[in-house]
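Breakdown of the fold
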Amino acid sequence: MKTITKYVNEHTGDEYTSAKECELSEKQSMTAKEMFSFVKIVKDSGCKFANGEYCIQRSSEYYNQLRDTIVLGIKKFDPRIARKFTEKNKDGLEVAVNFPFGIICRYLGDGASIVQDYFLIYQNICPKCYREWGQGYFALHCTHTDKAAEPGLDR
Ligand SMILES: [Zn+2]
């Protein structure tokens, strides 16, 4: 029999074989939580939000802050991903984040990025009218005229 020791990030549930790696992960997840503390999470009882029954009106300032914080987060937590986009163009990362359904989404998912959850929220916001939907599909097919739900459905 062999005993295996594992360490668990208390914030994300991710498991590590070394305490040092786990401590670094916890530090990063706390930093990310602080960086993205302005992000509003929609309460979705009964999956109505995810099913497109309503949207939440956001502002251009909120959208831009989220986009800019995602860029900072990728540079801070995922420098290898950031370099992929800045090797040929110093603004490449900003350009990639401006196309939320592009390859950047795949990189964040495959790399299990700490920024991914926030990127998925960003992806659900229509870049023209700033309505946040429960899925990217609805943001892509937004008519920009749907009545937004009353405030209070998010935290
Ligand atoms: Zn729209």
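Reading the values: rules and limits
Residues numbered from 1 in each chain as written. Predicted model: local features only at pLDDT ≥ 70, side-chain atom pairs only at ≥ 80, totals over all residues. Core = buried A, V, L, I, M, F, W, Y, C linked by C-beta atoms within 7 Å. Buried ≥ 20, exposed ≤ 12 C-beta atoms within 10 Å, placed from the backbone. Helix = DSSP H or I, 4+ residues; strand = E, 2+ residues; numbered from the N terminus. Contact = placed C-beta atoms within 7 Å. Axes fitted to C-alpha atoms, helices over the stretch in contact; angles between N-to-C directions. Parallel < 35°, antiparallel > 145°, perpendicular 65-115°, else oblique. Left-handed = near helix turned anticlockwise from the far one by under 90°. Nonpolar A, V, L, I, M, F, W, Y, C, P; charged D, E, K, R; others polar. Domains from an automatic or database assignment.

Quick notes on the nonpolar core
Judged by nonpolar contacts, the single largest core of 26 residues is most densely connected at Ile70, Ile74, Leu93 and Val115. Of all the secondary-structure elements, those providing two or more residues to this core are helix H2 (60–77), helix H3 (79–86), helix H4 (92–97), helix H5 (103–110), helix H6 (116–123) and helix H7 (136–140). Beyond its immediate chain neighbours, meaning those up to four positions away, Ile70 contacts Val97, Val115, Tyr118, Phe119 and Tyr122.

Concerning the packing of H2 against H6
In the contact formed by H2 and H6, the axes pass within 10 Å of each other and the chain directions differ by 150°. With respect to their mutual orientation, H2 and H6 come out roughly antiparallel. As for how H2 packs across H6, the hand of that crossing is left-handed. Listed contacts from H6 to Leu66, Arg67 and Ile70 of H2 are Tyr118, Phe119 and Tyr122. Each residue belonging to the contact of H2 with H6 can be placed in one class, and the counts come to five nonpolar, no polar and one charged.

A few points about the domain arrangement of the protein
Segmenting the protein into domains produces domain 1 (1–35) and domain 2 (37–140). The interface of domain 1 with domain 2 comprises six residues on the first partner and seven residues on the second. Split into classes, the residues belonging to the side of domain 1 that touches domain 2 amount to two nonpolar, two polar and two charged.

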